[in-house]
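Report on the structure
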Amino acid sequence: MQPQQPQSHSHSQPTRTRAVLAGVTVLALSAALAACGSDGKPAADTKPGNTTTASPAAATSAPPKDGKVIMPTGPATDLKKSRDTKAGPIFMTKLAGKKSGVTAEVWVWLPPQYNDPKYAKYGFPVLTLYAGGQSNGYNTWTDNQLPIQEIDADLVKQQKAHPFIMIMPVQNLTGDEKRAFDCSDIPGQPKMGTWMSEDIPDFVRANFRTLKGRDSWGLMGASTGAFCSAKLAMQHPDIYKAAVPIDGYWDPDSLLWKGHEAERLANSPGKLIATSKADVRMLATSGGGSAYEVNLVKSWVAKAAAPTTVEYYQQPNGQHLTKDFAKMIPMTLEWLTKNLEGPATDE
């Protein structure tokens with residue numbers, strides 16, 4: 001079944017819909033969308049590396065003042081290999097956030113091109129991925145339930161997607177779903193919103209070759225991760241240009257917000273979408289097999305007003321399941337490629 005093109009039309013009743021995160025066999029489907037512009041990047045023709053530690057390129061010379069590429073600023077983080085994929089290793093580290101005070105796990109995948117000598121002076125686009133559920137000490141984008149790394153590598157070879165640096169942080173420090181941090185700085189709690197929106201980008205720029213500005217920075221997440229990606233995109237348009245909330249909900253409902261209603265509403269995607277002045281682009285999806293979810297997402301999409309733009313995609317017969325989220329990976333990567341800048345060099 002070919003996915004239909006995202007639509008910009010639609011129609012919000014914020015209520016939580018959590019992901020079912022059982023292990024599944026994932027079908028890696030190719031989307032039959034129009035080929036996206038390659039932004040001048042060569043086609044992928046390299047094999048994934050077998051290194052056990054990451055090798056961010058050192059800053060050998062400062063780019064021109066008007067250049068696009070930002071070389072790693074350092075200090076380099078110790079990244080340990082978490083597991084191998086067919087598209088190269090996934091690394092993990094515990095990041096101690098200087099601005100938030102939060103210390104938590106972050107996984108990293110570098111596309112095969114990153115360590116290819118032909119790309120030594122290229123900066124790369126960055127895609128941060130958020131999981132469904134509590135995401136305490138795990139991330140479904142790293143354990144092959146959502147094999148986005150292999151799919152991206154295949155699409156790059158077809159010149160349908162950018163080779164993205166993929167960053168996959170946890171979202172909570174405990175497994176208690178009723179006391180989730182909602183990707184926010186809840187008063188009196190660890191500053192998870194600051195860790196995600198400031199410490200994570202700082203970590204990326206310190207370790208990897210990136211590009212100036214926000215035009216190559218994107219977010220994507222499923223279920224709880226959709227909530228996070230939509231919220232952070234609207235709150236930080238200076239950092240992110242595009243986001244893909246997959247089958248999301250829009251109401252922060254953690255018990256930790258008790259007594260802090262004003263702050264809760266300030267971190268509600270359901271409220272932000274109606275008042276947002278953020279110049280960001282989003283693609284919101286819903287599973288067509290659930291009338292409740294379709295109405296939830298379409299109602300949210302209908303509230304968007306310029307400069308915030310939200311396209312809508314309804315997965316035919318889709319359910320709120322990780323295996324159905326996986327089927328949308330090719331289409332979402334191609335959408336992000338059309339809306340974000342790809343690898344670039346100053347030479």
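See above for the structure.
Below is a short write-up of the structure. (Residues numbered from 1 in each chain as written. Predicted model: local features only at pLDDT ≥ 70, side-chain atom pairs only at ≥ 80, totals over all residues. Heavy atoms only, no water.)

**Topic: the overall build of the chain**
- Each helix and strand counted, the chain has eight helices and 13 strands in total.
- Put simply, the chain has 347 residues, and 56% of those count as buried. (Helix = DSSP H or I, 4+ residues; strand = E, 2+ residues; numbered from the N terminus. Buried < 20%, exposed > 50% of the residue type's maximum accessible area, 1.4 Å probe, protein only.)

**Re the packing of aromatic side chains**
- If you walk through the whole model with that rule in mind, you get seven aromatic pairs.
- Ring geometry for Tyr 114 and Phe 124: centres 5.3 Å apart, planes at 50°, overall tilted. Within this pair, whereas Tyr 114 is found in the loop between strand S4 (103-109) and strand S5 (122-123), its partner Phe 124 is found in the loop between S5 and strand S6 (126-130), the two being separated by 10 residues in sequence.
- By relative accessible area, Phe 124 is classed as buried at 0%.
- Ring-pair connections join several aromatic residues into one group, and the members of that group are Tyr 114, Tyr 119, Tyr 122, Phe 124, Phe 203 and Phe 208.
- Note that Arg 205 overlies the ring of Trp 217, its terminal NZ or CZ placed 4.8 Å from the centroid.
- A cation over an aromatic ring shows up here: Arg 209 above the ring of Tyr 114, its NZ or CZ 4.1 Å from the ring centre. (Phe/Tyr/Trp six-rings, centres within 6.5 Å; stacked < 30°, edge-to-face > 60°. Lys NZ or Arg CZ within 6 Å of the ring centre and 35° of its normal.)

**Re the pairing of S6**
- Where burial is concerned, most of S6 is hidden: five out of the five residues are buried.
- With burial as the criterion, each face of S6 is covered, one bearing Val 126, Thr 128 and Tyr 130 and the other bearing Leu 127 and Leu 129.
- Bridging between S6 and strand S7 (residues 165-169) involves three bridges; their strand directions are parallel. The residue bridging Thr 128 from the neighbouring strand is Ile 167, located in S7.
- The parallel pair S6 and S7, bridged by helix H1 (residues 148-157), forms a crossover whose chirality is right-handed.
- By the bridge criterion, five bridges tie S6 to strand S9 (residues 217-222) in an arrangement that is parallel. Bridged to Leu 129 within S9 is Met 220. (Pairing = 2+ DSSP bridges. Right-handed = clockwise from strand over helix to strand, strands pointing away.)

**A look at the pattern of salt bridges**
- Evaluation of the coordinates by the stated rule reveals 13 salt bridges.
- Glu 198 serves as the salt-bridge partner of Lys 99, at 3.8 Å between the closest nitrogen and oxygen. Taken together, the residues Lys 99 in the loop between strand S3 (90-96) and S4 and Glu 198 in helix H2 (residues 192-207) connect sequence positions 99 residues apart.
- When the shortest N-O distance is used, the salt bridge between Arg 214 and Asp 215 registers 4.0 Å. (Salt bridge = Lys/Arg side-chain N within 4 Å of Asp/Glu carboxyl O.)

**Considerations on the environment of Trp 335**
- For Trp 335, the location among the structural elements is in helix H8 (residues 329-339).
- Once the C-alpha coordinates of Trp 335 and Ala 161 are considered, the two residues, 174 residues apart in sequence, prove to be 8.6 Å apart.

**What to know about the sheet that holds S3**
- Taken together, nine strands build an open sheet; the order of strands is S2-S3-S4-S7-S6-S9-S10-S11-S12 and the sheet is mixed. Looking at which strands have only one partner, the edges of the open sheet turn out to be strand S2 (80-83) and strand S12 (309-315). Neighbouring strand axes in the sheet, compared pairwise and without regard to direction, differ in orientation by 25° on average.
- Across seven bridges, S3 lies against S4 in antiparallel orientation. What sits directly across from Ile 90, in S4, is Trp 109.
- Across the face of the sheet, H2 comes into contact with S3, S4, S6, S7 and S9 while running at roughly 50° to S4.
- Contacting strand S10 (242-246), strand S11 (281-287) and S12, helix H6 (residues 291-302) runs over the sheet at an angle of about 160° to S11. (Axes fitted to C-alpha atoms, helices over the stretch in contact; angles between N-to-C directions. Contact = heavy atoms within 4.5 Å.)

**A closer look at the environment of Leu 110**
- Mapped onto the elements, Leu 110 comes out in the loop between S4 and S5.
- Leu 110 sits 56 residues away from Met 166 along the chain, and the two C-alpha atoms are 6.6 Å apart.
- Excluding residues that lie within four positions of it along the chain, Leu 110 makes contacts with Asn 115, Ile 165 and Phe 208.

**Regarding unusual backbone geometry**
- Here the bond from Gly 74 into Pro 75 is cis, since omega is -5°, no more than 30 degrees from zero.
- Cis geometry is adopted by the peptide bond preceding Pro 307, which originates at Ala 306 and carries an omega value of 10°.
- For Pro 307, the position within the fold is in the loop between H6 and S12.
- Although it is not a glycine, Asp 247 sits at a positive phi angle of roughly 50°.
- The topology assignment puts Asp 247 in the loop between S10 and helix H4 (261-266).

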